[in-house]
Amino acid sequence: MHRPSRRHLVIGTAVVAATAAAVAVSTTAGASDSKDRAESAIKGGKAKNVILLIGDGMGDSEITLARDYTVGANGRLNMDKFPLTGAYTTYAVHADGTPDYVTDSAASGTGWATGRKTVNGRISKTPDTDKAIPTVLELARKNGYATGSVTTAELTDATPAVLASHATDRSCQGPADMAKCPTDTIAAGGPGSIAEQSVNHKVDVLFGGGKARFDQKVTDGTYKGLTVTEQARKLGYQVVTDSAGMKSAQAGKPVLGLFASGNVPTEWTGKTAAVGGTDPQRCVTSNPNRPSTTPSLADSATKAIQLLEAKQKHSGKGFFLQIEGASIDKQDHAADPCGQIGETAAFDRAVKVARDYAAKHPDTLVVTTADHGHTSQIVPLEATPPGLSSTLVTNEGQQLKVNYSTNTPGQSQEHTGTQVRIAGQGPQAYRVLGVTNQTDLFATIREALNLR
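The rules behind the values
- Residues numbered from 1 in each chain as written.
- Predicted model: local features only at pLDDT ≥ 70, side-chain atom pairs only at ≥ 80, totals over all residues.
- Heavy atoms only, no water.
- Helix = DSSP H or I, 4+ residues; strand = E, 2+ residues; numbered from the N terminus.
- Buried < 20%, exposed > 50% of the residue type's maximum accessible area, 1.4 Å probe, protein only.
- Areas by Shrake-Rupley, 256 points an atom, 1.4 Å probe, with all protein chains shown as cover.
- Disulfide = S-S within 2.5 Å.
- Core = buried A, V, L, I, M, F, W, Y, C linked by side-chain atoms within 4.5 Å.
- Contact = heavy atoms within 4.5 Å.
- Pairing = 2+ DSSP bridges.
- Axes fitted to C-alpha atoms, helices over the stretch in contact; angles between N-to-C directions.
- Parallel < 35°, antiparallel > 145°, perpendicular 65-115°, else oblique.
- Nonpolar A, V, L, I, M, F, W, Y, C, P; charged D, E, K, R; others polar.
- pLDDT = per-residue confidence, 0-100.
- Patch = residues over 30% accessible without salt bridge, like charges linked within 9 Å, V, L, I, M, F, W, Y side chains within 5 Å.
- Salt bridge = Lys/Arg side-chain N within 4 Å of Asp/Glu carboxyl O.
- Polar contact = N/O pair within 3.5 Å; in protein donor to acceptor, adjacent residues only side chain to side chain.

### A short note on the overall build of the chain
Scanning the chain from N- to C-terminus turns up 14 helices and 16 strands. Judged by the C-alpha coordinates and their principal axes, the chain covers about 80 × 60 × 50 Å. Burial statistics for the chain: of 452 residues in total, 58% are counted as buried. Per element, the accessible surface of the chain, about 18300 Å² overall, is 52% carbon and sulfur.

Rendered as structure tokens:
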């Protein structure tokens, strides 16, 4: 009989220890020595930096679709290469705390940003009393870390908004958009719109779309009569609007990058899904409506990391950065498989940027996940879905049918309530293992950066 080597025994023991650590609910001061050793074996301890990557609406189906199309069924995306992978649940709550099984991006983002569940549509506020809850970005700033948020959506959209604002409703994006947030207005003694709050927070790097929101005029308070962009400049921001401006931005002063009037245009185009399906199509890996001066998500992530690292060069503290691939979700809503796949591929290149940085800076925790599941499903070619579908010809030369049937054709497709993937590497990454709750991600980041 073959006897296992000492090396195999050690590895086996480490795997068992890691599994034991994974099923633990939380880390406490009274944790056993064996649990401490298990955590250490899989890079426990504190992190200098945290990079959180959010693929909006990027459920397992969306990941599989992008993988099958771009690198093949047996290939692997960058996001597939993390050493530790688990899943987390994504439900929201009603005002009374009972579960609302399908979340939107505001409630889900609030979950990891604050560690608390809330009602759909609310931004980092309690579900019942509508009170602001401290966010991980606010805690990071308070503890001396540099902070950044990069997105392909408007910077005032739900996922970036949960980090640097508190709003009764996610629609309250600019000073002219406050109809659903009367108590949040500056006139009522509130903090103002999401755009105003984001720059008032002095977030070191803000890259995304939403220029039209920031071009709205402030209606009350210190900056009355100025646009939010002008308010940002008064607060010391460098304002850039294209790739060249972004690349020339200097560390030391905060940077506001507004790369589109609304959402940043998608990278790929193609025929949307249709009732009865489409003819087999190849996606077009370009978009005539996307200016050539628009930075990619990967380029924005690279510059954000450079700026944050340079700011902290002499401080001894690191940074917290969130990077969102927003239009995976938006193209899923539109039943646009090519737009969706292209945005997933673009997000995956940003994942590579983060992992490459962590390879040189192992004191960096990198986590990638989604805020919720979505519509697209890969179905057999012979299937005849009652809703919208499209047939694609993948890079392997094979046909693949994708189905969108969570709403009536002609209506926006819907989120789903499924659990989604979460994967990580670096200090405290063991916490992603098993099946956790979305709110546990807040505790992971807080513990990694020792935020108090």
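### Re the state of the cysteines
Summed over all chains, the structure comprises two disulfides. The side chain of C172 participates in a disulfide bridge whose partner is C181; the two sulfur atoms lie 2.0 Å from each other. When the S-S torsion is 95 degrees, as for the bridge of C172 with C181, the disulfide is right-handed. The class of C172 is buried, set by a relative accessible area of 0%. For C181, a relative accessible area of 0% puts it in the buried group. Paired by a disulfide, C283 and C338 hold their sulfur atoms 2.1 Å apart. Measuring the twist about the S-S bond at about -80 degrees, one finds the C283-C338 disulfide to be left-handed. Here C283 is found in the loop between β9 (274-275) and α11 (297-311), whereas its partner C338 is found in helix α13 (residues 337-360), with 55 residues between them in sequence. The two residues C283 and C338 agree in class, both being buried. When the cysteines of the chain that form disulfides are numbered from the N-terminus onward, they connect as 1-2, 3-4.

### Points about unusual backbone geometry
Backbone geometry at A335 places phi at a positive 55 degrees, although glycine is not the residue there. Looking at the element boundaries, A335 is found in the loop between α12 (327-333) and α13. For Q428, which is not glycine, the phi torsion reads 70 degrees and is therefore positive. Relative to the elements of secondary structure, Q428 occurs in the loop between β15 (420-425) and β16 (435-437).

### Concerning the nonpolar core
Judged by nonpolar contacts, the single largest core of 89 residues is most densely connected at I51, L53, V199, F207, L256, F320 and I323. With residues near it in sequence (within four places) discarded, F207 still touches S149, V150, T151, L155, M246, V255, G257, F259, S300, K303, A304 and L307. Ranked by size, the runner-up nonpolar core spans 14 residues in total, among them A273, C283, C338 and L388.

### Details of the sheet that holds strand β12 (residues 377-379)
With respect to topology, four strands assemble into an open sheet ordered β9-β13-β14-β12, the strand pairing being antiparallel. Looking at which strands have only one partner, the edges of the open sheet turn out to be β9 and β12. Sheet topology note: the β12/strand β14 (residues 399-404) ladder contains three bridges and is antiparallel. Across the sheet, residue V379 finds its bridge partner in β14, namely K401. Packed on one face of the sheet, helix α3 (residues 60-70) meets β12, β13 (388-393) and β14 and runs near 55 degrees to β12. Across the face of the sheet, α13 comes into contact with β13 and β14 while running at roughly 60 degrees to β13.

### Digging into the packing of α3 against α13
Between α3 and α13, the least distance of the axes is 9 Å, while the angle of their chain directions is 90 degrees. Judged on the interaxial angle alone, α13 and α3 are roughly perpendicular. Contacts from E62, L65, A66, Y69 and T70 of α3 reach α13 at Q340, I341 and T344. Here the contact of α3 with α13 is composed, by residue class, of four nonpolar, three polar and one charged.

### Comments concerning the sheet that holds strand β10 (residues 319-325)
In space, the 10 strands of this open sheet follow the order β7-β8-β6-β5-β10-β1-β11-β15-β2-β16, with mixed pairing throughout. Single-partner strands in this sheet number two, and they are β7 (238-240) and β16. Averaged over neighbouring strand pairs, the angle between their axes works out to 15 degrees when direction is ignored. Relative to the sheet, α13 contacts β1 (49-55), β5 (146-154), β10, β11 (364-370) and β15, its axis offset from that of β1 by approximately 170 degrees.

### Quick notes on α3
Counted residue by residue, α3 has eight buried out of 11 residues, so it is predominantly covered. Every buried residue of α3 is accounted for by S61, E62, I63, L65, A66, R67, D68 and Y69. If you follow the buried residues of α3, they end up packed against α12, α13, β12, β13, β14 and β15. Looking at the residues trailing α3, positive phi occurs at G72, about 95 degrees.

### Observations concerning the confidence of the model for the chain
Of all residues in the chain, 90% attain a pLDDT of 70 or more, and the chain-wide mean is 92. Low pLDDT, under 50, characterises residues 1-30; the predicted model gives this stretch 14 contacts beyond four residues in sequence or across chains.

### Remarks on a nonpolar patch on the surface
On the surface, a nonpolar cluster with roughly 300 Å² of combined accessible area is contributed by Y91, Y101 and V102. For V102, the position within the fold is in the loop between β4 (99-100) and α4 (105-114).

### A word on the side chain of D204
Positionally, D204 belongs in the loop between α7 (194-200) and β6 (205-209). Within the structure, D204 has its side chain in polar contact with the backbone nitrogen of T147 (distance 2.9 Å). Reaching out from D204, the side chain makes a polar contact with the side chain of K311 at a distance of 2.7 Å. If sequence neighbours within four positions are ignored, D204 has contacts with R141, A146, T147, P254, V255, L308 and K311.

### Side note on the pairing of β14
For β14, the buried fraction is high: five of the six residues fall into the buried class. Hairpin connection between β13 and β14: a loop of five residues separates the two successive antiparallel strands, and G397 in this loop has a positive phi of roughly 80 degrees.

### Comments concerning the side chain of T151
Mapped onto the fold, T151 is located in strand β5. Taking relative accessible area as the criterion, T151 reaches 4% and is therefore assigned buried. Among the polar contacts made by the side chain of T151, one reaches the main-chain amide nitrogen of A153 at a distance of 2.9 Å. At 2.6 Å, the side chain of T151 and the side chain of E324 are in polar contact. Among residues more than four places away in sequence, those in contact with T151 are P160, F207, G208, G209, E324 and A326.

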